[in-house]
Amino acid sequence: MSCSHLSTAWSSSALASSASSTRRRSSSAPRSGGGSGFVVRCSLRELRSRIDSVRNTQKITEAMKLVAAAKVRRAQEAVVSSRPFSEALVEVLYNMNQEIQTEDIDLPLTRTRPVKKVALVVLTGERGLCGSFNNNVLKKADTRIEELKQLGLEYTVISVGKKGNAYFQRRPYIPLERELEVSGVPTVKDSQAICDLVYSLFVSEEVDKGEICDVNGVCVDATEDELFRLTTKEGKLTVEREKVKIETQPFSPVVQFEQDPVQILDALLPLYLNSQILRALQESLASELAARMSAMSSATDNAIELRKNLSIAYNRQRQAKITGEILEIVAGADALAG
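This report concerns the structure included in the present document. (Residues numbered from 1 in each chain as written. Predicted model: local features only at pLDDT ≥ 70, side-chain atom pairs only at ≥ 80, totals over all residues. Heavy atoms only, no water.)

### Considerations on the overall build of the protein
Piece 1. Looking only at helices and strands, one finds six helices and six strands in the protein.
Piece 2. Secondary structure elements of the protein occur, N-terminal to C-terminal, as α-α-β-α-β-α-β-α-β-β-β-α.
Piece 3. For the protein, the proportion of its 338 residues judged to be buried stands at 40%.
Piece 4. A separation threshold of at least 6 residues defines the contact pool for the protein, and within that pool the share at least 24 residues apart is 78%.
Piece 5. For the protein, the exposed area adds up to about 19000 Å²; of that, 51% sits on carbon and sulfur atoms. (Helix = DSSP H or I, 4+ residues; strand = E, 2+ residues; numbered from the N terminus. Buried < 20%, exposed > 50% of the residue type's maximum accessible area, 1.4 Å probe, protein only. Contact = heavy atoms within 4.5 Å. Areas by Shrake-Rupley, 256 points an atom, 1.4 Å probe, with all protein chains shown as cover.)

Structure (structure tokens):
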């Protein structure tokens, strides 16, 4: 089995673009030079209502950003804590491979054959409001499908996540093997369900290769991990990023096997596959939460800017109304005096 991690780019969420579109609808003319604000067509009451609505939206996006930051910290810690086990497992497999190099073994996961059909595991999120995270993963999946078609290879898709499931349900021409969902934090049970499905497809020779299509978890899959910490700045809660160097304990190269190494290898290979799928699920969740945090941060900034511009427009319109009333009083006084 081979795993292919596909990269993605994060952007602001639909909520951020909605705030921008609201700002465009609230103005009938572009901002003049020197930051003079908007020319609006609505009344003062409607402006006050819009300002209150934007203020409430800003509070919601700020809260969602902080919640996503707290969750992404825990998700990253889960990835980092599972790394020693994965590295130790790789070391054991390497040492066992050195022991049985001269032996002729026949295990299901060690058989090599020409690739005719590929199983593509697509990992998407369970929710939206995370920028272009899900869209980029699905675009990568579509790109990979087109590449397989050009190579003349068959394919089948294993969709994991509600967003991916809904996407492939609307495209019945794409062969879909199974739809799975992961609620909350990924567990070994979730990864085991995917592992069993991929393992059965490979052993029964229905597929000859398996690939994982998800995001590239650089922020959690590196020697320097990017972690997030909740702090206060200017009286408000904020999120700070920090680089943490992760030290791993070296594994002893001296390993003695009491059982037949072939039997141990036959038991460890599915465990290794399960650990890699679990790691991919954890990285996908961490990347989704980080994308949501970035999107909510952009939405909050847009809400602050929109509220500022609406407040300027409100103050100017109110001042213009007061000035007009004063001019009417003065004109009436002059008329009576004349």
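### Here we look at helix α3 (residues 133-150)
Piece 1. Over its 18 residues, α3 runs 26 Å from end to end, which matches the ideal 26 Å to within 8%, given 1.5 Å per residue.
Piece 2. Those residues of α3 hidden inside the fold are in contact with β1 (117-123), β2 (154-160), α4 (162-169), β4 (209-213) and α6 (261-337).
Piece 3. Among the residues trailing α3, Gly152 stands out with phi positive, at a value near 75 degrees. (Expected span 1.5 Å × (residues − 1).)

### Quick look at the pattern of salt bridges
Piece 1. Following the criterion strictly, the structure yields nine salt bridges and no others.
Piece 2. Measuring nitrogen to oxygen at the nearest pair gives 3.2 Å for the salt bridge that ties Glu211 to Lys209.
Piece 3. You can call Lys209 partly exposed: its relative accessible area is 28%.
Piece 4. Between Arg279 and Glu283 there is a salt bridge, with the nearest N and O atoms lying 3.4 Å from each other. Highlighted residues: Arg279 and Glu283, both in helix α6, separated by four residues, approximately one helical turn.
Piece 5. Among the residues examined, Glu283 registers a relative accessible area of 2% and is labelled buried. (Salt bridge = Lys/Arg side-chain N within 4 Å of Asp/Glu carboxyl O.)

### Some remarks on the packing of helix α5 (residues 188-203) against α6
Piece 1. Packing of α5 against α6 leaves a shortest axis separation of 8 Å and a crossing angle of 125 degrees. Of the possible angle classes, the one that applies to α5 and α6 is oblique. The handedness of the crossing between α5 and α6 comes out as right-handed. Together, Val188, Asp190, Ser191, Gln192, Ile194, Cys195 and Tyr199 of α5 and Pro270, Leu273, Asn274, Ile277, Leu278 and Leu281 of α6 make up the contact between the two elements.
Piece 2. Tallied by class, residues from the contact of α5 with α6 come to nine nonpolar, three polar and one charged. (Axes fitted to C-alpha atoms, helices over the stretch in contact; angles between N-to-C directions. Parallel < 35°, antiparallel > 145°, perpendicular 65-115°, else oblique. Left-handed = near helix turned anticlockwise from the far one by under 90°. Nonpolar A, V, L, I, M, F, W, Y, C, P; charged D, E, K, R; others polar.)

### Here we look at the nonpolar core
Piece 1. With 18 residues, the main nonpolar core has Val121, Leu123, Ile158, Val160, Ile194, Ile277 and Leu281 as its most contacted residues.
Piece 2. Put simply, the parts of the chain that give this core at least two residues each are β1, β2, α5 and α6.
Piece 3. In terms of residue count, the dominant contributor to this core is α5 (five residues).
Piece 4. Non-local contacts of Val160, meaning those with residues more than four positions away in its chain, are made with Val121, Val122, Leu123, Thr124, Asn165, Leu180, Val182, Ile194 and Leu281.
Piece 5. In terms of nonpolar packing, the next biggest core, distinct from the first, is built from 14 residues, Val137, Leu138, Leu148 and Phe168 among them. (Core = buried A, V, L, I, M, F, W, Y, C linked by side-chain atoms within 4.5 Å.)

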